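Each chain is listed here by its residues.
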Amino acid sequence: MAIGAQDKLDKALVKKYQSLKVDNAIVQNSMIDPNKLMNTLNDYANAHMEAFRIQQAVKDVCAKAISMNIQYTKMKSVKSKKERLAEAAKKVVAAQMAKKNALMEKLKKEPRPEIA
């Protein structure tokens, strides 16, 4: 990174103001003691932190109270039409298979006629 004027406009501004004398501001002693100011700011910050901690504790207590008072009810799970049709098809197939198995068992128990 270069220091100084980069283009014609910057160079013109530097040339214009280089001859002007600028007085440095004189920093006078403050009317407030710096240690007293720091102590005050520290007290202010501590008060805000304590208020934040109290707020968090109140939120936690409220959340616990609300959660203890909640009564949960079991709801049916909502299924899509596609899922309901698939379940119905499975039930139909299971019923048909049960009938087929019952018929097969019945046929196994009955004697078959012999062809002469």
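Note that the structure is predicted; figures quoted are calculated from it, not measured.

Colleague: So what's going on with the overall build of the protein? Which residues, and what values?
Modeller: Broken down by element type, the protein carries three helices and zero strands. Starting at the N terminus and ending at the C terminus, the protein contains elements arranged as α-α-α. A total of 116 residues make up the protein; the buried ones form 0% of that total. On the protein, roughly 12,600 Å² of surface is accessible, and the fraction owed to carbon and sulfur atoms is 61%.

Colleague: Help me get a handle on a nonpolar patch on the surface, residues and values and all.
Modeller: Taken together, the side chains of M31, I32, L37, M38 and L41 make up a nonpolar region of the molecular surface, amounting to roughly 590 Å² of accessible area. As for its position among the elements, L41 is in helix 2 (residues 34-69).

Colleague: With reference to specific residues and values, describe the confidence of the model for the protein.
Modeller: In the predicted model, the protein carries a mean pLDDT of 83, and 87% of its residues have values of at least 70. Per-residue pLDDT, averaged within each element of the protein, yields its smallest value for helix 1 (residues 8-17) (82) and its largest for helix 2 (92).

Colleague: Please provide a residue-by-residue account of the pattern of salt bridges, values included.
Modeller: The final tally for this structure, using the stated rule, is two salt bridges. The shortest N-O distance in the salt bridge between E50 and R53 comes to 3.2 Å. Pair noted here: E50 and R53 are both in helix 2, with a separation of three residues, about one helical turn. Measuring nitrogen to oxygen at the nearest pair gives 2.5 Å for the salt bridge that ties K79 to E87. Look at K79 and you get partly exposed, because its relative accessible area is 35%. For E87, a relative accessible area of 33% gives the class partly exposed.

Cut-offs applied
- Residues numbered from 1 in each chain as written.
- Predicted model: local features only at pLDDT ≥ 70, side-chain atom pairs only at ≥ 80, totals over all residues.
- Heavy atoms only, no water.
- Helix = DSSP H or I, 4+ residues; strand = E, 2+ residues; numbered from the N terminus.
- Buried < 20%, exposed > 50% of the residue type's maximum accessible area, 1.4 Å probe, protein only.
- Areas by Shrake-Rupley, 256 points an atom, 1.4 Å probe, with all protein chains shown as cover.
- Patch = residues over 30% accessible without salt bridge, like charges linked within 9 Å, V, L, I, M, F, W, Y side chains within 5 Å.
- Salt bridge = Lys/Arg side-chain N within 4 Å of Asp/Glu carboxyl O.
- pLDDT = per-residue confidence, 0-100.

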